[in-house]
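# Observations on the model geometry
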Amino acid sequence: MSNPVTNVLISGVGGQGILLASEVLSEVLMLAGHDVKKNEIHGMSQRGGSVVSHIRYGEKVYSSIIPEGEADVLLGFELLETYRYLPLVRQGGSILANNLRIFPSPVTLGKETYPENIPAKIAAAFPDFTLVEGLKLAAEAGNERTVNIVLVGALSKRIAIDDHCWQQTLRKMVPAKYLEENLKAFNLGRQL
Amino acid sequence: MERAILSGNEAIARGAYEAGVKVASAYPGTPSTEILENMVQYPSIDASWAPNEKVALEVGIGASMGGGRTLVAMKHVGVNVAADPLFTLSYTGVKGGLVLVTADDPELHSSQNEQDNRNYAKFAKMPMFEPADSQEALIFTRLALETSELFDTPVFLRTTTRISHSKSIVTLQDPVGKLPETGLERNPAKFVMLPGNARRRHPLVEERLTRMEEWACRQPFNRVEKGTGDGRIGVITAGVSYQYAREVLPEADILKLGLVYPLPKALIRDFAARYQTLYVIEELDPFIEEQVLAMGIQVKGKALFPLCGELTPGRVAQGLSNQAGKAYYKHDETLPGRPPSMCPGCPHRGVFYALNRLKAFVSGDIGCYTLGFMEPLSAMDTCICMGASIGNATGLSKVLAPQERSRVVAVIGDSTFLHTGINGLMDMVYNNAASTVLILDNRITAMTGRQENPSSGYTLMGADSYRVDMEELCRALGVHHVRVIDPYQVTATHKALEEEMARDEVSVIIARRPCMLVKRDPVARKPALSVDGEECTGCRVCLKIGCPAIEWRSSDQGKGSAHINRLYCVGCSLCRQVCHFDAIGESQ
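Residues numbered from 1 in each chain as written. Chains lettered and ligands numbered in written order. Predicted model: local features only at pLDDT ≥ 70, side-chain atom pairs only at ≥ 80, totals over all residues. Heavy atoms only, no water.

### A word on the overall build of chain B
Counting secondary structure elements, chain B contains 20 helices and 22 strands. Computed over C-alpha atoms, the radius of gyration of chain B comes to 27 Å, within 12% of the 25 Å expected from 2.2 N^0.38 for 588 residues, which places it in the range of a compact globule. Considering only C-alpha atoms, chain B reaches an extent of 80 × 65 × 50 Å along its principal axes. Every one of the 588 residues in chain B was classed for burial, and the buried ones make up 58%. (Helix = DSSP H or I, 4+ residues; strand = E, 2+ residues; numbered from the N terminus. Rg over C-alpha atoms; globule rule 2.2 N^0.38 Å. Buried < 20%, exposed > 50% of the residue type's maximum accessible area, 1.4 Å probe, protein only.)

### Some points on the overall build of chain A
Secondary structure assignment for chain A yields eight helices and six strands. Going from N to C terminus, chain A has its helices and strands arranged as β-α-β-β-β-α-β-α-α-β-α-α-α-α. For 192 residues, the compact-globule estimate of 2.2 N^0.38 gives 16 Å, and chain A sits close to it at 16 Å. Each of the three principal axes of chain A carries a C-alpha extent, and together these read 50 × 45 × 35 Å. A buried classification covers 62% of the 192 residues belonging to chain A. If you take every contact in chain A between residues at least 6 apart in sequence, the share linking residues at least 24 apart comes to 63%. A total accessible area of about 7600 Å² is found for chain A, and carbon and sulfur atoms account for 51% of it. Measuring between centres, the 19 positive side-chain charges of chain A sit 3 Å from its 20 negative side-chain charges. (Contact = heavy atoms within 4.5 Å. Areas by Shrake-Rupley, 256 points an atom, 1.4 Å probe, with all protein chains shown as cover. Lys, Arg positive; Asp, Glu negative; His and termini not counted. Charge placed at Lys NZ, Arg CZ, Asp CG, Glu CD.)

### Details of the interface of chain B and chain A
Counting residues at the interface gives 52 residues for chain B, matched by 57 residues for chain A. Per-residue buried area on chain B facing chain A is highest for Y328, Y329 and R338 of chain B; these three make up 18% of the total on that side. Our enumeration of links across chain B and chain A arrives at six salt bridges. A salt bridge links K121 of chain A to E333 of chain B; the shortest N-O distance between them is 2.7 Å. Counting across the chain B and chain A interface gives 19 residue pairs in polar contact (both at pLDDT 80 or more). Taken together, the elements giving at least two residues each to the side of chain B that touches chain A come down to β1 (3-7), α7 (161-164), β8 (167-171), α10 (239-248) and β20 (550-553) of chain B. Sort the elements by how many residues they give to the side of chain B that touches chain A and α10 of chain B lands first, with five residues. In terms of residue class, the side of chain B that touches chain A is made up of 24 nonpolar, 14 polar and 14 charged. Sheet analysis places strand β2 (residues 35-40) of chain A next to β8 of chain B, joined by two bridges and oriented antiparallel. (Buried area = accessible area lost by both parts, 1.4 Å probe. Salt bridge = Lys/Arg side-chain N within 4 Å of Asp/Glu carboxyl O. Polar contact = N/O pair within 3.5 Å; in protein donor to acceptor, adjacent residues only side chain to side chain. Nonpolar A, V, L, I, M, F, W, Y, C, P; charged D, E, K, R; others polar. Pairing = 2+ DSSP bridges.)

### Let's talk about the packing of aromatic side chains
By the definition in use, this model includes 14 aromatic pairs over all chains. Centroid distance Y83 of chain A to Y329 of chain B: 6.5 Å. Interplanar angle 65°. Geometry classified as edge-to-face. Taken together, the positions of Y83 of chain A in helix α2 (residues 79-84) and Y329 of chain B in the loop between α13 (313-319) and α14 (348-357) put the pair across two chains. A single burial state applies to Y83 of chain A and to Y329 of chain B, both of which are buried. The interplanar angle of 70° and the centroid separation of 6.2 Å between the aromatic rings of F87 of chain B and Y120 of chain B together place this pair among those described as edge-to-face. Of the two residues, F87 of chain B is situated in helix α4 (residues 76-92) and Y120 of chain B in helix α5 (residues 118-124); the sequence distance between them amounts to 33 residues. Using a relative accessible area of 23% as the deciding quantity, one classes F87 of chain B as partly exposed. In textbook terms, an aromatic cluster arises when at least three aromatic residues are bridged by ring pairs, as seen for F129, F140, F151, W215 and F221 of chain B. One cation-aromatic arrangement involves R223 of chain B over Y242 of chain B; the distance from NZ or CZ to the ring centre is 5.8 Å. Against the face of W552 of chain B rests R540 of chain B, its NZ or CZ located 4.0 Å from the ring centre. (Phe/Tyr/Trp six-rings, centres within 6.5 Å; stacked < 30°, edge-to-face > 60°. Lys NZ or Arg CZ within 6 Å of the ring centre and 35° of its normal.)

### Concerning the packing of helix α5 (residues 134-141) of chain A against helix α8 (residues 176-190) of chain A
The geometry of a pair of packed helices is captured by two quantities: the angle between their axes and the separation between those axes. Residue and element names in this part refer to chain A. Their axes nearest at 8 Å, the elements α5 and α8 cross at an angle of 135°. Judged on the interaxial angle alone, α8 and α5 are oblique. Crossing geometry of α5 relative to α8 is assigned as right-handed. Facing L137, E140 and A141 of α5, the residues of α8 in contact are E181, K184, A185 and L188. (Axes fitted to C-alpha atoms, helices over the stretch in contact; angles between N-to-C directions. Parallel < 35°, antiparallel > 145°, perpendicular 65-115°, else oblique. Left-handed = near helix turned anticlockwise from the far one by under 90°.)

### Some remarks on the packing of helix α3 (residues 53-65) of chain B against α4 of chain B
Residues and elements named next belong to chain B. Contact geometry for α3 and α4: axes closest at 7 Å, N-to-C directions at 30°. For α3 against α4, the interelement crossing comes out right-handed. Here E53, K54, L57, E58 and I61 of α3 come into contact with α4, specifically with G78, V81, A82, D84, P85, L86 and L89. A class-by-class count of the residues in the contact of α3 with α4 yields seven nonpolar, one polar and four charged.

### Section: helix α15 (residues 388-399) of chain B
In a regular helix each residue adds 1.5 Å, so 12 residues correspond to 16 Å; α15 of chain B covers 17 Å between its end C-alpha atoms and thus fits that length. Where α15 of chain B is buried, its residues meet β14 (361-363), α16 (402-405), β15 (408-413), α17 (414-430) and β16 (436-441) of chain B. (Expected span 1.5 Å × (residues − 1).)

### Re the confidence of the model for chain B
Caution applies to low-pLDDT parts of the model: their predicted coordinates are not meant to be read in detail. Residue and element names in this part refer to chain B. For chain B, the average pLDDT comes to 96, and 99% of its residues sit at 70 or higher. Looking at the elements of chain B, mean pLDDT is at its lowest for β20, recorded as 90, and at its highest for strand β6 (residues 128-129), recorded as 99. Scored as a whole, the predicted complex attains pTM 0.97, and scored at its interfaces, ipTM 0.95. (pLDDT = per-residue confidence, 0-100.)

### Here's the deal with the environment of P527 of chain B
Along the chain, P527 of chain B turns up in the loop between β18 (507-512) and β19 (529-531). The spacing of P527 of chain B and V570 of chain B is 43 residues in sequence and 6.5 Å in space, taken between C-alpha atoms.

### As for unusual backbone geometry
Leaving glycine out, the prevailing phi sign among residues is negative, and the prevailing peptide bond configuration is trans. Residues and elements named next belong to chain B. Geometrically, the link from T30 to P31 is a cis peptide bond, its omega value of 10° lying close to zero. As for its placement among the helices and strands, P31 is situated in the loop between β2 (23-26) and α2 (34-39). In this model, E375 is joined to P376 through a cis peptide bond whose omega is 0°. Tracing the backbone shows P376 in the loop between β14 and α15. Even without being glycine, L108 reaches a positive phi, approximately 50°.

### Quick look at the pattern of salt bridges
The full count for this structure, using the stated rule, is 47 salt bridges over all chains. The network of salt bridges with shared partners includes D104, D116, R118, E130, R158 and E282 of chain B.

### Regarding the side chain of S22 of chain A
Residues and elements named next belong to chain A. For S22, the location among the structural elements is in helix α1 (residues 18-31). The class of S22 is buried, set by a relative accessible area of 0%. One polar contact links the side chain of S22 to the main-chain carbonyl oxygen of L19, over a distance of 3.0 Å. Residues in contact with S22, not counting those within four places in the same chain, are I10, K38, E40, S53 and I55.

### Let's talk about a negative patch on the surface
Together, D532, E534, E535 and D582 of chain B give the surface a local cluster of negative charge. Residue placement: D532 of chain B occurs in the loop between β19 and β20. (Patch = residues over 30% accessible without salt bridge, like charges linked within 9 Å, V, L, I, M, F, W, Y side chains within 5 Å.)

### Describing the pairing of strand β10 (residues 233-238) of chain B
Residues and elements named next belong to chain B. Taking burial as the measure, the six residues of β10 include five buried ones, the bulk of the element. Pairing geometry for β10 and strand β11 (residues 253-257), over five bridges, is parallel. Bridge assignment links V235 to a residue of β11, and that residue is I254. For the crossover that starts at β10, traverses α10 and ends in the parallel β11, the hand is right-handed. (Right-handed = clockwise from strand over helix to strand, strands pointing away.)

### Examining the sheet that holds β8 of chain B
Strand order in this open sheet of eight strands is β6(A)-β5(A)-β4(A)-β1(A)-β3(A)-β2(A)-β8(B)-β1(B), and the pairing throughout is mixed. In the strand order of this sheet, the two ends are held by β6 (129-132) of chain A together with β1 of chain B, each with one partner. The mean angle between the axes of side-by-side strands here comes to 25°, regardless of whether they run parallel or antiparallel. Sheet topology note: the strand β5 (residues 89-98) of chain A/β6 of chain A ladder contains four bridges and is parallel. What sits directly across from I95 of chain A, in β6 of chain A, is F129 of chain A. Those strands touched by α1 of chain A are β1 (5-13), β2 and β3 (50-58) of chain A together with β1 and β8 of chain B, and its axis lies near 170° from that of β2 of chain A.

See below:
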């Protein structure tokens, strides 16, 4: 292809802070001089449903939807929601998954079962797989609510963008009151 | 020039600001809601939530008659509500520019149908712009307002969910300079649509469309883009479908339409003549295709691409049989779904639990509470459109025998009741129907992300406002039996419903408790509850309330037990009230 586009998918459960993570990533990519498109569905998904955000960047991006089997990186905020979106990832793509299980209602009601051994299943199909202890690292950064920024930090290692773009964007988008813990969370993720 | 990464909705709000819009009105509806929410940052715009889309458009028409530029926004089905003033507005034309944003929802991400509102442009004889990204959403908003004044017509701006909610890079401009002053002007031949006047306006509407069609052939928003191929394939497309066409068919030449009605026929004829193969790539109805076929031009469209659902690069590729199913990974097991559900502590939960237990036939409506349909609450039997629950219940009660009639309960939220439920209740009383109406009053328009409404006490701009007195309103309509309950009280809720359902005349129950997510007056969260493993018998009755905080944990030896996730529980105590064994209490 003469117009290479890189595709990042972020998935999880409504309320996990996926929107902020994808906003930060899009801003960083724009700052670094790329064309960027980002897409997600609002509405019903806010009520604890499955949420997925598509981010595409390159010299020129057309569709904001990532075609099946073409995502280069999948960042999952929850294990089942990471597993669910694997068909969108290309062979050899990178997978980052937060080591967290949130049971959906059919599981809490005892009607369906939560798939077992998700990390092992992902690792078997995608050698470039990293399991992130998001909650633990967020607590280390000083606030359990910075999990999404820990995960953005982990993602930042898979995207060739200068560190200063990330720092500058976080300073712009995170309220001053929470900046220090979020920068710490980002750096902990980036070290993975 | 300053650049920003904006959603289509943010870009429309920005475009309206740059174009000098004075008044913006809307009723919230996915995927249009954020347009008005983003207007609030521009103090030069008077932005407001109307009780429904018809009122929103009427406010817009008034502002336009006074000479102000105006934007009115709604979701696709909202245009049905606003259609009455709309069709006559097309005859009167405007004074200040007026743009109506219709945000369509192909794929029904958050809607009850996926009607293609491009048909309204043809039906109402109005021009329609359709942007393909956020930059165009901004530019076309400005253009639509200018076009409105240039041709003395209201103008549609049509988006779809993937345009409304996608973000892309936009170059911002300064607001336009001085616009004409506003003021009163008597012009009955234009604005008083009695038959005599309207008869004289109609030919002007037809002539306007003809002029616009010729004009549109020479405008840069309808453009031909060369592809990388040898010029054998041509594509006619617009909106988000353009992006998929470019992605999947880089070799094709594309006629990219910015104005989807009226079509630039001379331009299309000229373009079509150059290609062996000509495709029309469009979502939903064959709107462009049928008009091109009617011109006697052979094109391939809906024979290849689906009529239902949205397009994606994959679906376009599949239609062209280029490449489909490129997935490297496929699951070898079925995954549990993750359907949305009512939040922990949601005041609607207890009501639907009671309706389920009373085996009510629930005539439902549109809002968060439509989730009362989902298992395990499973207590909604109909849902048609905004405000339909009450009229539907009246109709049901007219055909049913008394013992069945008593089971019918209309369930409607506060915002939906004020939208189009009031007339239904007026009819129910006036025509002596007998049914129970349950108004779920959570003091907010919750489903679309918590917008203010006439019963919340605040405006979109955050000003204090009069709060509609629901009880007095119902009594004024002639309802003799109006009672208010707290839906957190399980037994009282059940009893109130049972009593009113037994009454063979109209009664209204108002279940009043604010939405858990309202930020202005934070609801006091109580300490999380927990299950005493010793006392829990594993009867699973607490699972029947469908609270996301309650999990079932099976056990190898015993019957298993319920468990409460302390991170989600807000201590509403519904589960504690339904437990027969006193196994749920405050955490230690």
